[in-house]
Amino acid sequence: MRNKPSKTITKAVFPIAGLGTRFLPATKASPKEMLPVVDKPLIQYAVEEAYAAGIRQMIFVTGRTKRAIEDHFDTAYELESVLEYSQKQQLLESVRNVTPDDMHCMYVRQNQAMGLGHAILCAEKLIGDDDFAVILADDFMIAEQPVMAQMVEQHQQLQKSIIAVQHVTRSQTNLYGIVSGSEVRSGLLRLNNIVEKPQPGEAPSTMAVVGRYILTAAILQELKNQSPGIGGEIQLTDGIASLLRKEHVFSYHFDGMRYDCGSKIGYLKAVVDMASNHPEVSEPFNRWLENKVQSAQNSTTGKNEIDYAV
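Under an unreviewed UniProt entry, the name given to the protein chain is UTP--glucose-1-phosphate uridylyltransferase, and the source organism is Nitrosomonas marina. Per UniProt, the protein chain has the following entry under Catalytic activity (unreviewed entry): "alpha-D-glucose 1-phosphate + UTP + H(+) = UDP-alpha-D-glucose + diphosphate". The UniProt entry for the protein chain carries this comment under Sequence similarities (unreviewed entry): "Belongs to the UDPGP type 2 family."

1. Considering helix α10 (residues 264–276)
If you check α10, its first and last C-alpha atoms are 18 Å apart, about what 13 residues at 1.5 Å a residue would give, namely 18 Å. What α10 keeps buried is the set Gly266, Tyr267, Ala270, Ala275 and Ser276.

2. As for the pattern of salt bridges
On inspection of all chains with the given rule, the structure shows 14 salt bridges. In this structure, the salt-bridge partner of lysine 224 is glutamate 124, at a minimum N-O distance of 2.6 Å. Taken together, the positions of lysine 224 in helix α8 (residues 218–224) and glutamate 124 in helix α6 (residues 124–127) put the pair 100 residues apart, joining distant regions of the chain. Through salt bridges with shared partners, one network takes in Glu80, Glu84 and Arg96.

3. Describing the domain arrangement of the protein chain
How big an interface is tends to be expressed through the accessible area that disappears when the partners come together. The domain architecture assigned to the protein chain consists of domain 1 (11–262) and domain 2 (263–302). For domain 1 and domain 2, the distance between their C-alpha centres works out to 29 Å. With 14 residues of domain 1 at the contact, the number on the domain 2 side is 12 residues. Of the roughly 1,100 Å² buried at the junction of domain 1 and domain 2 (both faces included), carbon and sulfur atoms supply 67%. Of all residues in domain 1, Phe23, Val38 and Tyr259 bury the most surface against domain 2, accounting for 42% of the area lost on that side. Run the count over domain 1 and domain 2 and you get 0 salt bridges.

4. A look at the side chain of serine 205
In this structure, serine 205 sits in the loop between β10 (188–196) and β11 (207–215). Not counting chain neighbours up to four residues away, the residues in contact with serine 205 comprise Arg170, Thr173, Ile178, Val179 and Ser180.

5. Let's talk about the layout of surface pockets
Taken as a whole, the second largest pocket holds about 360 Å³ of empty space. What lines the second largest pocket is simply Asp39, Lys40, Gln44, Glu48, His72, Gln90, Leu91, Ser94, Val95, Asn97, Val98 and Glu280. At the level of secondary structure, the elements contributing two or more residues to the lining of the second largest pocket comprise α1 (42–52) and α4 (89–96). A breakdown of the residues in the lining of the second largest pocket according to their chemical character gives 3 nonpolar, 5 polar and 4 charged.

Reading guide: rules and limits
- Residues numbered from 1 in each chain as written.
- Predicted model: local features only at pLDDT ≥ 70, side-chain atom pairs only at ≥ 80, totals over all residues.
- Heavy atoms only, no water.
- UniProt positions renumbered as here; feature names shortened; annotations may be inferred.
- Helix = DSSP H or I, 4+ residues; strand = E, 2+ residues; numbered from the N terminus.
- Expected span 1.5 Å × (residues − 1).
- Buried < 20%, exposed > 50% of the residue type's maximum accessible area, 1.4 Å probe, protein only.
- Salt bridge = Lys/Arg side-chain N within 4 Å of Asp/Glu carboxyl O.
- Domains from an automatic or database assignment.
- Contact = heavy atoms within 4.5 Å.
- Buried area = accessible area lost by both parts, 1.4 Å probe.
- 1 Å grid on protein atoms, 1.4 Å probe; cavity = no way out; pocket = protein on both sides within 12 Å on 5 of 7 lines; lining within 4 Å.
- Points joined across faces, edges and corners; volume = space filled by probe spheres on them.
- Nonpolar A, V, L, I, M, F, W, Y, C, P; charged D, E, K, R; others polar.

The structure is reproduced here in C-alpha cells:
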C-alpha cells in the first residue's frame, strides 16, 4: 500500500472580528490589529510570519469595523503614484511589499461574536479539506526562525494538529487554554488533555496555548457539533478536546518571544523592544531610553538632571 502524500500548509486563517475593548477608545473606529508596532501594524507582522512559512492563501475572518485591514492589503494606487512621482523609492517598495504578487487575500464576515471556534467555522468553505494554520495577530511573536515556520516543519513530520504553547505561572492558568500530555521529544507533547481557562488549583499543567495553531480539517466537524462553552461561545479549545479523542493532537513549545498585544502592557513592551532593534530608530531611541532610566535613578537620589536630546 502506498503512503498518502504529505499535506502542506497553504492556508492561514486570521480571526480579526473582535472589538478590541481593552484598547478603547483607540479601537472605537480602528481595528486593534492595525495598531502599529513602530512602523507596521500587528496584522502585517502576522501575515509576514505566515508568508515566511510558505503560506500564500490568507483568509481573514472580519467584522463590520475591519475595513481598514482590507484596505491595508489592497493596492493603494494614489499613494503609490505620489511616492513614485516624488522618487521616494524606499517608501514605495515598503508599500508594495505589503502584499507580494503571489499572495492571495480572502475575506469572510463573522456576523456574531460567538468565539474563536465560530470564527474558524465562518471560513469553512475557504478552508475546504485542507489542513490549515490559525494565527492570532495580537499574539505578537519574534523569533530567529518565524514561529509558524517552526510549526510547519513539525507538521511536515507529524501530519497532525499542532498547537503552540508556552509556560505561564500557575496563577495565570485561568487566562489560557491549558494542555497536558506525554513528551514525544524535547518541546513536543502528544496531548491527552486540554482545558479552557482552568482555575490554578484545577489546571492539569502550566503549559498554556498561545495564538498559533496548525489544524487538520477534521476540526471543522468537531466545531460544528460543539455546544457553546465559556462565555456562551464556540470555543476552539473545546473542539480540540473533542478532536484528540479521535486523532493525535500535539503541542509545540516554540523558540521565540511572545508579547500579548491584546493587553496594554504587552503591546507597550513589544513597541519598546522592536524600537530598540529597529534599523532606522534604534540608535536615537536607545539613547533616549538610557536617559530616561538615568533620570529615574537620579530621582531616587534627589537629582533632577535629564537630557532629552536624541
